[in-house]
Amino acid sequence: MAQKSKNKIGITGAGASGCICAYWLLKAGLDVTLFDKNLPLRTLIPTGGGRCNLAHAEYDFRELAKNYPRGEKFLYSVFSRFSTAETLEMFEKMGIKTYTQDDGRIFPESNSSKDVQEKILREIRNSGVKFIQKEITSVDNLMKEFDSVVIATGGHSGYELLKHAGVSIVEPHPALVGLNTKEDLKELSGTVVKGGNINGIKGDVLFTHFGVSGPLIYKISSINAFKVMPYKLAIDLSPKLTDLQEKLNIYPHKEIKNLLGQYLPQKVVKYLLKDFDETKEACKIDGKTRDLILDKIHNFIITVTGTNQGEETVTAGGVDLDEINSKTMEVKKVPNLYCIGELLNIDGFCGGFNLQNAWSTAFVCAESIIEQAK
Ligand SMILES: Cc1cc2nc3c(=O)[nH]c(=O)nc-3n(C[C@H](O)[C@H](O)[C@H](O)COP(=O)(O)OP(=O)(O)OC[C@H]3O[C@@H](n4cnc5c(N)ncnc54)[C@H](O)[C@@H]3O)c2cc1C
């Protein structure tokens, strides 16, 4: 009897990873049905502030993998097959030209996530994808209907679906998110401190009505995604201000608040000098006061009590990587069931790394299904 060709594929989730997986499968001539409870690629629209930071200019796959607090080792084999260069080539073929910013972030030349969305959707529609708008509630039913099933439901859902299929889930936690603090920092709300430093990690800090946010805090929130709260963080608000005494000597008649204002926003200076006479002249600041002020600047302590709800960019946690074959994306104990994208316990820093995970795991999964279907 002739072997049944394994060419009917059902993908749940028409986000970044689901659509790109469909793209490769369709290119190989397979029959692909994409299910999504929402419109396809809706999740791409807000990325990169509407500009779609679709990759990062790191072309060494091991270096690239270092940008993932969870998933680094797993991604070695994935990125060795499909990483930045292959991503740009894929988009180029779809008519999406890109450019690289000074900070390494890669964007489409159109600076429009809508444009990227339209071009990907045009490709898969022209190749005959079947799109069904529907919420999937059971993996079992899909497994009966399709030869291979891909789950690509992103960072917020899909866990229950997989738990029912016997797949272990690492409890999800918000990452790349603002942090709530016990200290009331409302009076600093809207102020940005440039070039802060927490444990050797540098970046800008934005004070908000709930605590802190901004690039440095996003990175720290990611590193500490599983840390038990409350926990304390020490921020160096002005690493460059190393010799305050020298500055006091150079400007003896400057009020201390104006002198510090050269290094920090006035609102922050006022906050730091609450317990001091902010109008005191530099020459009247004694050694003890100088050291107390310096300590407040270099060791600004905040107590993290939570993450800012609704601001989460990615989810740390998800499908336990021990359950997945990194060469195929197949669930080890459930043949023909695959998991890709943010649903996995993989998350990267800001800069194009999360979409890269989506594109790369989608490719590896598709390649494996194509191989099986032969
Ligand atoms: C505001 C914002 C900005 C971002 N900017 C960037 C950026 O510039 N660069 C970057 O690299 N990353 C960025 N990210 C992260 C990036 O968007 C995600 O990591 C990426 O979209 C994940 O792709 P995915 O395919 O795994 O999941 P998603 O793109 O989230 O897609 C999952 C899809 O599954 C569908 N779905 C879920 N459950 C079901 C179900 N039961 N049945 C049917 N359908 C279902 C959802 O409707 C959704 O369409 C950003 C995220 C946010 C929130």
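This text gives an overview of the structure that appears in the document. (Residues numbered from 1 in each chain as written. Predicted model: local features only at pLDDT ≥ 70, side-chain atom pairs only at ≥ 80, totals over all residues.)

In this section: the packing of helix α1 (residues 16–27) against helix α5 (residues 113–126). α5 packs onto α1 with a crossing angle of 35° between their chain directions and a minimal axis gap of 9 Å. When the axes of α1 and α5 are compared, the crossing they make is left-handed. Seen from α1, the contacting residues are Cys19, Ala22, Tyr23 and Leu26; seen from α5, they are Ile120, Glu123 and Ile124. Looking at the contact of α1 with α5 residue by residue, the classes come out as six nonpolar, no polar and one charged. (Axes fitted to C-alpha atoms, helices over the stretch in contact; angles between N-to-C directions. Helix = DSSP H or I, 4+ residues; strand = E, 2+ residues; numbered from the N terminus. Left-handed = near helix turned anticlockwise from the far one by under 90°. Contact = placed C-beta atoms within 7 Å. Nonpolar A, V, L, I, M, F, W, Y, C, P; charged D, E, K, R; others polar.)

Strand direction decides the pairing type here: strand β3 (residues 55–56) and strand β5 (residues 105–108), joined by two bridges, are antiparallel. Its bridge partner lying in β5, alanine 55 is registered against isoleucine 106. Taken together, the three bridges between strand β4 (residues 98–100) and β5 define a ladder with antiparallel strand orientation. If you follow tyrosine 99 over to β5, its bridge partner there is phenylalanine 107. Joining the antiparallel neighbours β4 and β5 is a turn of four residues, in which glycine 104 adopts a positive phi near 90°. (Pairing = 2+ DSSP bridges.)

As a structural note, the neighbourhood of the ligand is formed by 34 residues, with Gly13, Gly15, Gly48, Gly154 and Gly341 the closest of them. Among the secondary structure elements, those contributing two or more residues to the shell around the ligand are α1, β2 (31–36) and α13 (353–373). Counting residues per element, the shell around the ligand draws most heavily on α13, at four residues. (Near = placed C-beta within 6 Å.)

One open sheet holds the five strands; their spatial order is β6-β2-β1-β7-β16, and the pairing between them is parallel. Taken across any chain shown, the strands that pair with only one partner, and hence form the sheet edges, are β6 (130–133) and β16 (337–339). Adjacent strand axes in the sheet meet at a mean angle of 20° when their direction is disregarded. By the bridge criterion, three bridges tie strand β7 (residues 148–151) to β16 in an arrangement that is parallel. Looking at β16, one finds that valine 150 is bridged to tyrosine 338. Sitting on the sheet, α1 touches β1 (8–12), β2 and β7, and the angle it makes with β2 is about 170°.

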